[in-house]
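Here is what each chain is made of, one letter per residue.
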Amino acid sequence: MCVDYLDTPLGILKLTATSKGVSGIVFADERAENHRCAGKGSEILDRLKEELVSYFEGRLIRFTCPISVEGTSFQKRVWTKLAEIPFGTTKSYGQIATELGQPTAARAVGGANNKNPIPIVIPCHRVVGAQKVLVGFAGGLWRKQWMLEHEGIHLPLG
């Protein structure tokens, strides 16, 4: 596992990757020791850092770096749906549940959204409450609001 850090407008991000892809993005309070490695994992982290910088500078709307995430079958289905939400748009938890063929599973979608191991890249910040209000974000609602406003979406807090 490779680990690196990136300073962003949202604070310090702890980035992890394996030789297969990006495995984690965590909003960190401080930097710890990097566990940089050589080879494919290091290349993936370098690419992720470039893409994140481009996103925060307003030059990137879709991430292309490979990902490698662990989760249940349901979580992975939800994360796949999240990755399909275009830049500058939102969907509700209920809409995602309906798209999965489980219209009563909005709470379960929220739970899977909360467990997303690579926020920003898998854009869980683009999922909002049914009344188009900002609710729930493991990294803090202010970060969700910042990213949505960065993408041109202005919504009230729920």
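Residues numbered from 1 in each chain as written. Predicted model: local features only at pLDDT ≥ 70, side-chain atom pairs only at ≥ 80, totals over all residues. Heavy atoms only, no water.

The next point concerns the UniProt feature "active site" (unreviewed entry) in the protein. Per the UniProt annotation, the sites labelled "active site" (unreviewed entry) are C124. Tracing the chain through its elements places C124 in the loop between α4 (106–114) and β5 (127–128). Classification of C124 as buried rests on a relative accessible area of 5%. Once residues within four sequence positions are removed from consideration, C124 is found in contact with L82, N113, N116, P119, F137 and K144. (UniProt positions renumbered as here; feature names shortened; annotations may be inferred. Helix = DSSP H or I, 4+ residues; strand = E, 2+ residues; numbered from the N terminus. Buried < 20%, exposed > 50% of the residue type's maximum accessible area, 1.4 Å probe, protein only. Contact = heavy atoms within 4.5 Å.)

Entries for the protein in the domain assignment read domain 1 (2–57) and domain 2 (73–151). Here domain 1 and domain 2 have C-alpha centroids that lie 22 Å from each other. Taken together, domain 1 and domain 2 are joined by zero salt bridges. Our count for the contact surface shared by domain 1 and domain 2 stands at four residue pairs in polar contact (both at pLDDT 80 or more). Among the elements of the structure, β3 (22–28) and α1 (40–56) are those that each provide at least two residues to the side of domain 1 that touches domain 2. The element that contributes the greatest number of residues to the side of domain 1 that touches domain 2 is β3, accounting for five residues. Partitioned by chemical class, the residues of the side of domain 1 that touches domain 2 number 10 nonpolar, two polar and no charged. (Domains from an automatic or database assignment. Salt bridge = Lys/Arg side-chain N within 4 Å of Asp/Glu carboxyl O. Polar contact = N/O pair within 3.5 Å; in protein donor to acceptor, adjacent residues only side chain to side chain. Nonpolar A, V, L, I, M, F, W, Y, C, P; charged D, E, K, R; others polar.)

A word on the pairing of β3. Of all seven residues making up β3, six are buried, and the element is well covered by its neighbours. Across six bridges, the pairing between strand β2 (residues 11–17) and β3 is antiparallel. Along β3, the bridge assignment pairs I12 with A28. Between the antiparallel neighbours β2 and β3 lie four residues. (Pairing = 2+ DSSP bridges.)

Read across the sheet, three strands follow the order β1-β2-β3 without closing on themselves; strand pairing throughout is antiparallel. With partners counted over all chains shown, the strands left at the sheet margins are β1 (2–8) and β3, one partner each. Across the sheet, the axes of successive neighbouring strands diverge by a mean angle of 20°, strand direction being ignored. With respect to the sheet, α1 is in contact with β1, β2 and β3, its orientation differing from that of β1 by roughly 15°. (Axes fitted to C-alpha atoms, helices over the stretch in contact; angles between N-to-C directions.)

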